Amino acid sequence: MTAIPQERRLVTAVPGPKSLELQARRTATVAGGVGSTMPVFAARAGGGVLEDVDGNRFIDFGSGIAVTTVGASAEAVVRRATAQLADFTHTCFMITPYEGYVAVCEQLAELTPGDHAKKSALFNSGAEAVENAVKIARSYTKRQAVVVFDHGYHGRTNLTMALTAKNMPYKNGFGPFAPEIYRVPVAYGYRWPTGPENCGPEASAQAIDQISKQIGAENVAAIIIEPVLGEGGFIEPAKGFLPALAKFAKDNGIVFVADEIQSGFCRTGQWFACEDEGIVPDLITTAKGIAGGLPLAAVTGRAEIMDAAHSGGLGGTYGGNPVACAAALGSIETMRELDLPAKARRIEEIMKARLATLREKYDIVGDVRGRGAMIAIELVKDRESKEPAAEATAALAKACQQAGLLVLTCGTYGNVLRFLPPLVIGEDLLNEGLDIIEQAFAGL
Ligand SMILES: *Cc1c(COP(=O)(O)O)cnc(C)c1O
């Protein structure tokens, strides 16, 4: 149970006076390159609500970018992390190991797809997990090339910037980027020239042809893909695409990596999104939803691949911090107890039904898509040209925020409204959030 009342409440202008005061202090000392979606400063959060320093309460359709899946102050997370804080904050797993790290790896082995022997290594951020997946795949295959996809997002460190597709804001002016990274088409059904029905087989054939002809399969260490693309626009690769690539990887000794940092841990209605088409990745990267808001990330995969890197080759001072591990165990406990995959499917049912009526009513709604509690609307100037409507998307997000609903945007063209509510959100709040979205469209 969370202390914060589960209700929307606006008591000042957004932003209010206290947020404005903090904003001035921020402008003086926080680097301008660090942006924020909302103009308000957080005071507390829990369940489906975030309260700002002026006492305004927002319905949360963002979960801090798919992180607070169990809420921002889940009881089991708070209890376990607090107990761990009192015992010890840090020893460094590479110096003196502790049980929590091992327990998280056991949970990952049990929960991730496939019944083969699995091992994990823990890190602090998603980008770090992806970097380590590349290190591990290169050690195992003794190859260098890494294949990624159009619209893919994998982080902001140097290697992961190279893996990420979109220039602004992630890469612009930050090069040079790491070599031996190759980008191929993804099965983006809504924008596939011959239509969504043909997209899966055509896109996979194109991607495989490019890999074979331009790189050479025998040079490829890893294929890395998000089973539902996040920052790139909540794109579910058309059916058949992921299985074709997974098979190609298997046939050619390539390590198939599912980046489930955004889509994993119950978000899409299953523990992991790749389960939807029965994919068993060789390696899987997780972060965001794993630890109820504390920084933790993991690479999990086939024991023989995970063991390929030499002893001492993987690690980091804080990787698998004991408090973050305790929080992860609390988060996973909550996901199991509340059956959060089922909760995500229920959220999809409610949201898709309401958003379908929006699609009927407004031509600007090009596509409604996503799975579980990872749902998006792609906005276009008209349905024929499908020209992206980025300005309208920004205006809609802003209108929602002003009305007390926190929503995010995404997409290569900046024209996707994305919804990532905490899975513990109440149905009343969820519907009230959808009311606000409807009103924002009506006011456009
Ligand atoms: C957020 C994200 C990352 C990067 O995670 P950080 O913790 O921000 O470094 C990588 N891959 C995907 C799919 C993500 O959504």
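Look up: the structure comes first, before these words.
Since the structure is predicted, the reported quantities are computational estimates derived from the model, not experimental observations.

Caption draft 1: Highlighting the overall build of the protein. From N to C terminus, the protein includes 13 helices and 15 strands. In terms of its C-alpha atoms, the protein occupies a principal-axis envelope of roughly 60 × 60 × 45 Å. Counting across all 444 residues of the protein, residues that qualify as buried make up 54%. The long-range fraction of contacts in the protein, counting pairs at least 24 apart against all pairs at least 6 apart in sequence, stands at 73%. Accessible surface, the protein as shown: approximately 18200 Å² in total, 53% of it carbon and sulfur. Seen as two clouds, the 42 positive and the 50 negative side-chain charges of the protein have centres 3 Å apart.

Caption draft 2: Up close: the nonpolar core. If you look at the biggest cluster of nonpolar residues, it comprises 123 residues, and the most contacted ones within it are Phe-61, Ile-223, Phe-419 and Phe-441. Counting residues domain by domain, this core receives three or more from each of domain 1 (17-73 + 339-442) and domain 2 (77-336). If we skip the residues at most four places from it in the chain, Phe-419 touches Phe-61, Phe-234, Met-351, Leu-355, Ala-373, Met-374, Ile-375, Ile-377, Val-407 and Ile-437. One finds Val-40, Phe-58, Val-228 and Met-374 within the second-largest nonpolar core, a separate group that totals 16 residues.

Caption draft 3: Structural view of unusual backbone geometry. Residue Pro-15 is reached from Val-14 by a cis peptide bond, and omega for that bond is 5 degrees. Inspection of the secondary structure assignment puts Pro-15 in the segment before α1 (17-29). Cis peptide bonds are those with omega within 30 degrees of zero, and the linkage from Gly-175 to Pro-176 qualifies with 5 degrees. Along the chain, the position of Pro-176 falls in the loop between α6 (158-163) and β6 (181-184). We note that Ala-66 has phi near 65 degrees; this positive angle belongs to a residue other than glycine. Relative to the helices and strands, Ala-66 is located in helix α2 (residues 63-66). In the Ramachandran plot, Lys-386 falls in the positive-phi region, its phi being about 55 degrees despite a non-glycine side chain. For Lys-386, the location among the structural elements is in the loop between β12 (374-379) and α12 (390-402).

Caption draft 4: Structural view of the pattern of salt bridges. As enumerated under the stated definition, the model contains 26 salt bridges in all. The partner of Arg-336 in a salt bridge is Glu-110, and the shortest N-O contact between them spans 3.4 Å. Residue Arg-336 is located in helix α10 (residues 322-337), and its partner Glu-110 is located in helix α4 (residues 99-111); the two are separated by 226 residues in the primary sequence. Between Arg-369 and Asp-367 there is a salt bridge, with the nearest N and O atoms lying 2.9 Å from each other. What makes Arg-369 buried here is its relative accessible area of 7%.

Caption draft 5: Geometry of the pairing of strand β5 (residues 145-149). Across the five residues of β5, five count as buried, placing the element largely inside the fold. The side-chain alternation of β5 yields two buried faces, one formed by Ala-145, Val-147 and Phe-149 and the other by Val-146 and Val-148. As judged from the three bridges shared by β5 and strand β7 (residues 220-225), these two strands associate in the parallel manner. What sits directly across from Val-146, in β7, is Ala-222. Relative to β6, β5 runs parallel, the two sharing four bridges. When the sheet's bridge partners are listed, Val-146 is paired in β6 with Ile-181.

Reading the values: the criteria
- Residues numbered from 1 in each chain as written.
- Predicted model: local features only at pLDDT ≥ 70, side-chain atom pairs only at ≥ 80, totals over all residues.
- Heavy atoms only, no water.
- Helix = DSSP H or I, 4+ residues; strand = E, 2+ residues; numbered from the N terminus.
- Buried < 20%, exposed > 50% of the residue type's maximum accessible area, 1.4 Å probe, protein only.
- Contact = heavy atoms within 4.5 Å.
- Areas by Shrake-Rupley, 256 points an atom, 1.4 Å probe, with all protein chains shown as cover.
- Lys, Arg positive; Asp, Glu negative; His and termini not counted.
- Charge placed at Lys NZ, Arg CZ, Asp CG, Glu CD.
- Core = buried A, V, L, I, M, F, W, Y, C linked by side-chain atoms within 4.5 Å.
- Domains from an automatic or database assignment.
- Salt bridge = Lys/Arg side-chain N within 4 Å of Asp/Glu carboxyl O.
- Pairing = 2+ DSSP bridges.

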